[in-house]
Amino acid sequence: MEQRSGHEQNADQIAYWNGPSGQRWADRHAAQETLLGPIADVLISRANPKPGERVIDVGCGSGATTVAFAKAVAPNGFALGLDVSDPMLSQARALAPKGLPLDFALADATVHPFEPASFDLLASRFGVMFFADPIASFTNLRRALKPSGRLAFACWREPKENPWMMTPLMAVYKHVPKMPPLGPEEPGPFAFASEERVTGILKGAGFVDVAMEPHNLAMDIAIGGGLDAAVDGSLQIGPASRALQGHPPKTYEAAKASIREVLAPFLKGQSVALQGAIWIVTARAA
């Protein structure tokens, strides 16, 4: 793997997304895109990319959002997908349709040397909550935007508002100790849940007119595959999966049975839908 140098405070995240966890996300890219596709639709609608614009897609993962932005700004625009995960970017490069105006960069957005004032839109679907120093990261990203540039990203709201993640985790906690809680400013999936914190970060990085719009969605964690698929998905990635790492097979099987028990009441046809809650955050560069 060739990794450009990143900010030293982001080293743990870079290691995480290039290790087994990053590979699991890459291997599940199709399933995850089915699950998270509706959120991309909301984000892209709100970001409103226009033909001819240049877009930075931060934390692009396997590239589905970058492709969507590239289609929206084609033929004369450009979309740059940025991520620290080599496994996911390998998928992105392999899956992106030929002929679209896009490229991918294995890079840390905190220190990546963007050409100043060269992009119209900064966007992200769940790719900005993992910065160790988010003000520094967004300051670097804002410098890449034209004075007329704008920002739009999706991030998760509070854990209690996202039972699609927390319900399986609570079932696992019947069998294993709880993971150490993350501090309110530590990188993680819920690091941007606080409206006050996100507004402070973006204003501290020089953005103006910050707005945060709540959206609720039904998350089919079975992605149409029935109860077994919902249970297996909960065990492969996400907080329930992390809580079970390192525990013996007997514990794993007991936790799996508990997840199945708590998810069964949500089964309707082949779907297992629980609530998800996000912010769509928007701002202007100047």
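The structure we're discussing is the one just above.
Every value quoted in this text rests on a predicted model; they were computed, and no experiment measured them.

Reading guide: rules and limits
- Residues numbered from 1 in each chain as written.
- Predicted model: local features only at pLDDT ≥ 70, side-chain atom pairs only at ≥ 80, totals over all residues.
- Heavy atoms only, no water.
- Helix = DSSP H or I, 4+ residues; strand = E, 2+ residues; numbered from the N terminus.
- Buried < 20%, exposed > 50% of the residue type's maximum accessible area, 1.4 Å probe, protein only.
- Phe/Tyr/Trp six-rings, centres within 6.5 Å; stacked < 30°, edge-to-face > 60°.
- Lys NZ or Arg CZ within 6 Å of the ring centre and 35° of its normal.
- Disulfide = S-S within 2.5 Å.
- Contact = heavy atoms within 4.5 Å.
- Polar contact = N/O pair within 3.5 Å; in protein donor to acceptor, adjacent residues only side chain to side chain.
- Pairing = 2+ DSSP bridges.
- Right-handed = clockwise from strand over helix to strand, strands pointing away.

Draft legend 1. Just the environment of Gly 183, in detail. Along the chain, Gly 183 turns up in the loop between α7 (163–172) and α8 (195–204). Accessibility expressed as a relative area gives 23% for Gly 183, which makes it partly exposed. Taking the C-alpha atoms as reference points, Gly 183 and Val 73, 110 residues apart in sequence, are found 39 Å from one another.

Draft legend 2. Representation of the packing of aromatic side chains in the model. With the rule as written, the count across this model stands at eleven aromatic pairs. Note on Phe 153 and Phe 192: the rings are 6.0 Å apart at their centroids and 50° apart in plane angle, and the pair reads as tilted. Linking Phe 153 in strand β5 (residues 145–156) with Phe 192 in the loop between α7 and α8, this pair joins segments that are 39 residues apart in sequence. Between Trp 156 and Trp 164 the ring centres are 5.2 Å apart and the planes differ by 45°, which places this aromatic pair in the tilted class. By relative accessible area, Trp 164 is classed as buried at 11%. Aromatic ring contacts, followed pair by pair, group Phe 131, Phe 138, Phe 153, Phe 192 and Phe 207 into a single cluster. Seen from the ring of Phe 119, Arg 54 lies directly overhead, with NZ or CZ sitting 4.5 Å from the centre. For the cation-ring pair, Arg 157 lies above Trp 279, with the distance from its terminal atom to the ring centre recorded as 5.7 Å.

Draft legend 3. Seen up close, the state of the cysteines. According to the stated counting rule, one finds zero disulfides in the structure shown. No disulfide involves Cys 60; its nearest neighbouring cysteine sulfur is the one of Cys 155, lying 18 Å away.

Draft legend 4. Fine view of helix α5 (residues 86–95). Those residues of α5 lying buried are Pro 87, Met 88, Leu 89, Gln 91 and Ala 92. Where α5 is buried, its residues meet α1 (11–17), α2 (20–27), α3 (29–47), β2 (78–83) and β3 (102–106). For α5, the N-terminal cap is Ser 85; the gap from its side-chain oxygen to the backbone nitrogen of Met 88 is 3.3 Å.

Draft legend 5. Examining the environment of Pro 75 more closely. On the secondary structure map, Pro 75 appears in the loop between α4 (64–73) and β2. Classification of Pro 75 as exposed rests on a relative accessible area of 67%.

Draft legend 6. Broad picture of the pairing of β2. By the criterion of burial, β2 is predominantly enclosed, with five of the six residues buried. Inspection of the sheet shows strand β1 (residues 54–58) paired to β2 by five bridges, in the parallel sense. Bridge pairing in β2 links Asp 57 to Gly 81. Handedness of the crossover is the feature at issue here: the chain leaves β1, passes through α4, returns alongside β2, and the resulting connection is right-handed.

Draft legend 7. A look at the side chain of Ser 62. Structurally, the position occupied by Ser 62 is in the loop between β1 and α4. Here Ser 62 falls in the buried class, since its relative accessible area comes to 17%. Other than its neighbours up to four places away in sequence, Ser 62 contacts Ala 26, His 29, Met 88, Gln 91 and Ala 92.

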